[in-house]
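Each chain is listed here by its residues.
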Amino acid sequence: MKPDNNANGQSIVEILKSHPFFCRCDRLSLSRLIPHLQEKEHHPDECLYADCTHGEELYLILEGSLCLELENGTRNEITGGLLGEETSIGKKRYSGTATFTSKSRVIVFPVAPFKKFLEENAFLKDDITRSYIHKLSPIENHTPYEDDSFSPPNAIHNSALVQTLGWILATILPLCTVYFLRNDPTVPNDQALYLIAVVSCVGIMWMFQLLPDFIPALFAVLITILLGLAPTETILSGFASKSFFMALSILGLSAVLMASGLGYRLLLLLLKSGPANKWWYNTCVFIMGFILTPLVPTANGRIAIVAPFVSELLTLYDAKTARREAARLTVSVLTGAGLFSAIFLSSKSINFIIYGTLPMQEQARFQWMYWFYAASVCGGIMMVLYQIGFALLFRTPGTANIPRKSIRDQLAILGPLNKGEWAAIAGFVVLVTSFATNSLHRIEVPWVALAIFFALLMYGFIDKEKFRKHIDWSFLVFLASLIGLVASMKHTGVDKWLTGQFSWLNVIMAEDFHIFIAMLALAIGAVRFILPINATVIIFATLLLPTAENIGVNPWLVGFLILFMSESFILPYQASYYTQYCSITGTGHPHDDKRLLPFYLAIIVMKLIAIYASLPFWKHLGLL
């Protein structure tokens, strides 16, 4: 059908290009879908489809309203959004009877071409599934489920002026670096001079977020090779490192966890297992993020699992309750998914970089289980302090209950555990068991993780499509490039030169470790206003780990402190997963609640208390 203009003067093309579901889609696939679409008008009492009839179409409601009567007798009023989504996500028959209650207009999508369209825009499947589940909730008046605040991944939000300034600095700063340092006797050699210039350029790119993180890292690798600043095997060493393969394997396992729906099922079971009140809902999203911390190696991945459920929780509340509870849920999700990232080796790829830069004997010692053991006291104290602070600052009046029937219905839709969920459970059991029994089998954990990953590939739980789409290859390139860049800095002597520039911090570390902790927190806090977490960790680790080794402080301890403090944030832009959370949950919720800023500041103080309180334990372990 030709996309004629409708009564409001908008063509189908214009409607789809501006609709929250379709505006993010690939334009080529959307263009292929257009010829199959029809716009129709319907009158009151006209039946759109009947319960259990074969589903051949789904609908986008442009105007008017319908009554959706479910099999259990529940009647929901539908005033917009998609309808009949179940036909595109595996169900052959409609769930319920849809009858128009007013004069309406809809766009008709035939199922067959729409399924092909979904294959080319796989990210839409989650939205459509949530929209379908949303309609099954026992609420009388359903507003359309829309994620209209979503921003495409890796979108660059900087203004044109800031980006222009960033590119100018990225061009000028390396030239100035070479000019002013060319006769500096402290620079070890010409290779080191040019590598410092490359790092300064890449640092500006990260600071101004001119490009996704992995592109500047890859640029550094390319320039290092072309200029011969370090041997090729050194700058590319990250791509053959154990850290790379362990991150790859855990990302593969996480892909099965997320794609199978196991994470969502666990959250529903947690909600079902506790009392129906707001304290338990906050505890659930916090626990969910905490449980996923050692399993999903990116905070963004954990937020991607938990945050959509927060949106679902908030839509089940009335407007007043949603405004009241949004800040509490925001804190619970962000802290559950991010606060304890430094406690587990497998929680973030940047942890693997710290692990990869430790001396070989320390790498053998600080594998997953011992890393957790050494960090456990600090993490435990932090957990207690967080719970106290949260209870004091986020006391809200009133109740906020979700009907248990809604949770049971969602679990019923999921059905029994599927093969993918069983595979994910088995993989994590084997991985955790290998962590715990490493002293017996003597097989290094990265190769155990790689074996699990291979098994998932061999038995088809990760097919070619998932292998390509669900594994964060940009993250792996970023990880491998950074490991190689750090190795090149060591090869050229840049690390020693940088250490000399911040010798005051190294001196403090050597003279008084207690004062060093406070100074490190201040320095990291200042740098975090302009640098992302990963870049901050890399810079401070490069500066301080060599000195730590020389003065008798275990480099893991300094690396852990850097990771623990760098994870702090105050404003959304300082943590990509905070920005991601705001995008997923929408701008309609009060992320600017006045309690959030003081609470995030209080978390930084809590971290310092937890660190100082853990010093006796670290002395007991011989790390100090």
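K.L.:
With reference to specific residues and values, describe unusual backbone geometry.
P.N.:
A positive phi angle, near 70°, is found at Asp45, a position not held by glycine. Its location among the elements puts Asp45 in the loop between strand S1 (38-42) and strand S2 (47-49).

K.L.:
A description of the nonpolar core should follow, citing residues and the corresponding values.
P.N.:
By size, the foremost hydrophobic cluster in this structure holds 146 residues, and its most contacted members are Phe513, Leu544, Trp556, Phe560 and Trp618. Among all residues touching Trp618, those that are not within four sequence positions of it are Ala374, Cys378, Trp556, Leu557, Phe560, Leu561, Ile611, Leu623 and Leu624. The next biggest cluster of nonpolar side chains, apart from the first, holds 21 residues, and it includes Ile15, Phe22, Leu33 and Val111.

K.L.:
I'd like a description of the pattern of salt bridges, backed by residues and values.
P.N.:
Tallied over the full model, the rule gives 4 salt bridges. One salt bridge in this structure joins Lys348 and Glu567, with 3.2 Å as the shortest N-O distance. Of this pair, Lys348 sits in the loop between helix H13 (319-338) and helix H14 (349-357) while Glu567 sits in the loop between helix H27 (555-566) and helix H28 (576-585); the two residues are 219 residues apart in sequence, bridging distant segments of the chain. Each member of the pair, Lys348 together with Glu567, is buried. Here Glu362 and Arg365 are joined by a salt bridge, their closest N and O atoms 3.9 Å apart. In this pair, Glu362 and Arg365 are both assigned in helix H15 (residues 360-365), 3 residues apart and thus about one turn of the helix distant. For Glu362, a relative accessible area of 13% puts it in the buried group. Take Arg365: its relative accessible area is 29%, and that puts it in the partly exposed class.

K.L.:
I'd like a rundown of empty space enclosed by the protein, residues and numbers included.
P.N.:
This structure, assessed with the given rule, holds 6 cavities of 30 Å³ or more. Considered as a void within the structure, the largest cavity measures approximately 110 Å³ in volume. Together, Leu334, Thr335, Gly338, Leu339, Glu567, Ser568, Phe569, Tyr577, Tyr600, Ile603, Ile604 and Lys607 line the largest cavity. Elements with a contribution of two residues or more to the lining of the largest cavity: H13 and helix H29 (596-620). For the lining of the largest cavity, the element with the highest residue contribution is H29, accounting for 4 residues. Of the residues that constitute the lining of the largest cavity, the class distribution is 7 nonpolar, 3 polar and 2 charged.

K.L.:
I'd love a proper account of the sheet that holds S1, names of residues and values included.
P.N.:
If you walk across this open sheet you meet the 4 strands as S1-S8-S3-S6, and the pairing is antiparallel. Of all the strands in the sheet, the pair left with one neighbour each is S1 and strand S6 (81-83). Each neighbouring strand pair of the sheet contributes to a mean axis angle of 35°, computed without reference to strand direction. Sheet strands in contact with helix H3 (residues 111-120) are strand S3 (57-63) and strand S8 (104-110), and its direction is about 70° off that of S8.

K.L.:
Tell me about the side chain of Thr87, residues and numbers included.
P.N.:
In this structure, Thr87 sits in the loop between S6 and strand S7 (97-100). Looking at Thr87, its side chain comes within polar contact range of the main-chain oxygen of Gly84, at 2.8 Å.

K.L.:
Residue-level account of the confidence of the model for the protein chain, with values.
P.N.:
Put simply, the protein chain has an average pLDDT of 79, and 84% of its residues get 70 or more. Scored below 50 in pLDDT, residues 139-157 shows 45 contacts in the model against residues more than four places distant or in partner chains.

Definitions and cut-offs
- Each chain has its residues counted from 1, running along the sequence as written.
- The predicted origin of the model limits local features to residues at a pLDDT of at least 70 and limits the giving and counting of side-chain atom pairs to 80 or more, whereas totals for whole chains, interfaces and linings rest on all residues.
- By convention in this description, side-chain values take in all heavy atoms of the structure and omit both hydrogens and water.
- Numbering of helices and strands starts at the N terminus; helices are DSSP runs of H or I of at least 4 residues and strands are runs of E of at least 2.
- Here, nonpolar core means buried Ala, Val, Leu, Ile, Met, Phe, Trp, Tyr and Cys residues that are tied together by side-chain atoms lying within 4.5 Å of each other.
- Think of it in three bands: residues with accessible area under 20% of the maximum for their type are buried, residues over 50% are exposed, and the middle band is partly exposed, with areas taken using a 1.4 Å probe on protein chains only.
- We call two residues contacting when some pair of their heavy atoms lies within 4.5 Å.
- When a carboxyl oxygen of Asp or Glu is within 4 Å of a side-chain nitrogen of Lys or Arg, the pair counts as a salt bridge.
- Only protein atoms enter the 1 Å grid, on which a cavity is a set of points fitting a 1.4 Å probe that cannot get out and a pocket is an open set with protein on both sides within 12 Å along at least 5 of 7 lines, lining residues being those with an atom within 4 Å of a point.
- Grid points are joined across faces, edges and corners, and a volume is the space filled by probe spheres set on the points.
- Three classes are used, and their members are as follows: Ala, Val, Leu, Ile, Met, Phe, Trp, Tyr, Cys and Pro are nonpolar, Asp, Glu, Lys and Arg are charged, and the others, Gly among them, are polar.
- By the convention used here, strands pair only if DSSP detects at least 2 bridges between them.
- Every axis corresponds to a line fitted to the C-alpha atoms, with the helix fit spanning only the stretch in contact, and the corresponding angles, defined between N-to-C directions, vary from 0 to 180 degrees.
- Polar contacts, as used here, are pairs of N or O atoms within 3.5 Å; protein pairs need one atom able to donate a hydrogen and one able to accept it. Residues neighboring in sequence count only if both atoms are side-chain atoms.
- The predictor reports its confidence for every residue as pLDDT, a score running from 0 up to 100.

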